Amino acid sequence: MNKINGFLYGLLSSASFGLIPLFTIPAMRQGMEFWSILLYRFLFAMLALAGILLLDKQSFRIRRKEILPLLLLAALYDTSAVFLFWGYKFMASGVATTIHFMYPVLTTLIMMIFFREKKSLWRMGAIALAVSGVFFLSQGDTTGTITGTGIFIVLLSALGYALYLVSVSQMKRLEMKGLKMTFYVFLFGGILLFIGTQVSGIGLQAIPDRITLGNLVMLALVPTVISNLALVRAIKNIGSTLTSVLGAMEPVTAVCVGILIFGEPFTSSIAIGIMLIISAVTVIILKR
């Protein structure tokens, strides 16, 4: 029963994370810039996580030496989120989310290049599969909206998240639970984003209507808070490897949302590209 619950939690975690475009695209269509959308996402998610931590009677106290590592993690998370949302302006949201899903491949590359992790034919083959998948995705859109610029932007998003994961694994001084760390990543990430909007003169946009407010709240709760909570439950029941494999539901959900809700194109070339990238990530996870 625990394993069944673990699989269900794993599917819920990845599928809910794949719903990011469902709540983001409508807000963008109402004229909101991705900077403001992210700021509201971090704010509402931080408030929800604070409530959970209070109910769980966890301390909010952090040590002084943990502030700089948390700021670094926040900056990397900001980088990943900003480039992903920016990528939605250049291509179909399902395709962008699929390319972002390459972060385990990039994590493996970073570990092999900078941390001398062992190379293997399996991993090199998986990297080749991922590159082939991006090629098929770039050739599969008959509308011509998938451009080299868009692919580069979303790859930066995947790289930012890969660096975030590598940094978490290398920071021995961060001895705190995942939800507490996520709370501070959102807190510091929101502060950094706000400073960025003020320095650049963009400013924080007001929420235009109640529907957009609902989308922003759901963006903070479903693919952020619920996804994180389900992830923790899944890892406890079935382990991190199987939970990571179930993460393949993330791009599948995003693609389905894009096609069914937003009418995004879906061709055989895009399908092949998605399958190649999911296969590459699965190989990387299983071989680790």
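These remarks concern the structure in this document. (Residues numbered from 1 in each chain as written. Predicted model: local features only at pLDDT ≥ 70, side-chain atom pairs only at ≥ 80, totals over all residues. Heavy atoms only, no water.)

### Quick look at the overall build of the protein chain
Right, on to step 1. If you tally the helices and strands in the protein chain, you get 12 helices and zero strands.
Right, on to step 2. Listed N to C, the secondary structure of the protein chain is α-α-α-α-α-α-α-α-α-α-α-α in terms of helices and strands.
Right, on to step 3. A compact globule built from 288 residues should have a C-alpha radius of gyration of about 19 Å, and the protein chain, at 18 Å, falls within 12% of that.
Right, on to step 4. Seen through its principal axes, the protein chain has C-alpha atoms that stretch 50 × 45 × 40 Å.
Right, on to step 5. Considering the protein chain as a whole, with its 288 residues, one finds that 51% of them fall into the buried category.
Right, on to step 6. By sequence separation, contacts in the protein chain at least 24 residues apart represent 88% of the contacts at least 6 residues apart.
Right, on to step 7. Seen as two clouds, the 22 positive and the 10 negative side-chain charges of the protein chain have centres 12 Å apart. (Helix = DSSP H or I, 4+ residues; strand = E, 2+ residues; numbered from the N terminus. Rg over C-alpha atoms; globule rule 2.2 N^0.38 Å. Buried < 20%, exposed > 50% of the residue type's maximum accessible area, 1.4 Å probe, protein only. Contact = heavy atoms within 4.5 Å. Lys, Arg positive; Asp, Glu negative; His and termini not counted. Charge placed at Lys NZ, Arg CZ, Asp CG, Glu CD.)

### A closer look at the packing of aromatic side chains
Right, on to step 1. Applying the stated criterion to the full structure yields 18 aromatic pairs.
Right, on to step 2. Between the aromatic rings of Phe42 and Phe186, the centroid separation amounts to 5.1 Å while the plane-to-plane angle is 35°, which identifies the pairing as tilted. Separated by 144 residues along the polypeptide, Phe42 in helix H3 (residues 34-55) and Phe186 in helix H9 (residues 178-200) bring together distant segments of the chain. Like Phe186, Phe42 is buried.
Right, on to step 3. Measuring from centroid to centroid gives 5.8 Å for Phe85 and Tyr88, while their planes differ by 25°, and the two rings are stacked. Comparing Phe85 with Tyr88, the two get one shared label, buried.
Right, on to step 4. Aromatic rings pair up to connect Phe42, Tyr77, Phe101, Tyr103, Tyr161, Tyr164 and Phe186 into one cluster. (Phe/Tyr/Trp six-rings, centres within 6.5 Å; stacked < 30°, edge-to-face > 60°.)

### Structural notes on the environment of Gly31
Right, on to step 1. Position of Gly31 among the secondary structure elements: in the loop between helix H2 (20-29) and H3.
Right, on to step 2. For Gly31, a relative accessible area of 42% translates into the label partly exposed.
Right, on to step 3. Spatially, the C-alpha atom of Gly31 lies 32 Å from that of Met181, the residues being 150 residues apart in sequence.

### Side note on the nonpolar core
Right, on to step 1. Judged by nonpolar contacts, the single largest core of 83 residues is most densely connected at Ile37, Phe85, Tyr88, Met91, Val95 and Tyr164.
Right, on to step 2. Looking at this core, the element that brings in the most residues is H3, giving 12 residues.
Right, on to step 3. Beyond its immediate chain neighbours, meaning those up to four positions away, Phe85 contacts Ile20, Thr24, Met28, Phe34, Ile37, Leu38, Arg41 and Leu219. (Core = buried A, V, L, I, M, F, W, Y, C linked by side-chain atoms within 4.5 Å.)

### So, the side chain of Thr212
Right, on to step 1. Inspection of the secondary structure assignment puts Thr212 in helix H10 (residues 210-246).
Right, on to step 2. Overall, Thr212 belongs to the buried group, its relative accessible area being 1%.
Right, on to step 3. Those residues in contact with Thr212 that lie beyond four places of it in its chain are Ala27, Gln30, Met32 and Ile207.

### Examining the pattern of salt bridges
Right, on to step 1. Tallying each qualifying case throughout the model produces two salt bridges.
Right, on to step 2. Of the charged contacts in the structure, one is a salt bridge between Lys89 and Glu33, with a shortest N-O distance of 2.9 Å. Here Lys89 is found in the loop between helix H4 (67-87) and helix H5 (93-100), whereas its partner Glu33 is found in the loop between H2 and H3, with 56 residues between them in sequence.
Right, on to step 3. Residue classification places Lys89 among the partly exposed residues on the basis of a relative accessible area of 46%. (Salt bridge = Lys/Arg side-chain N within 4 Å of Asp/Glu carboxyl O.)

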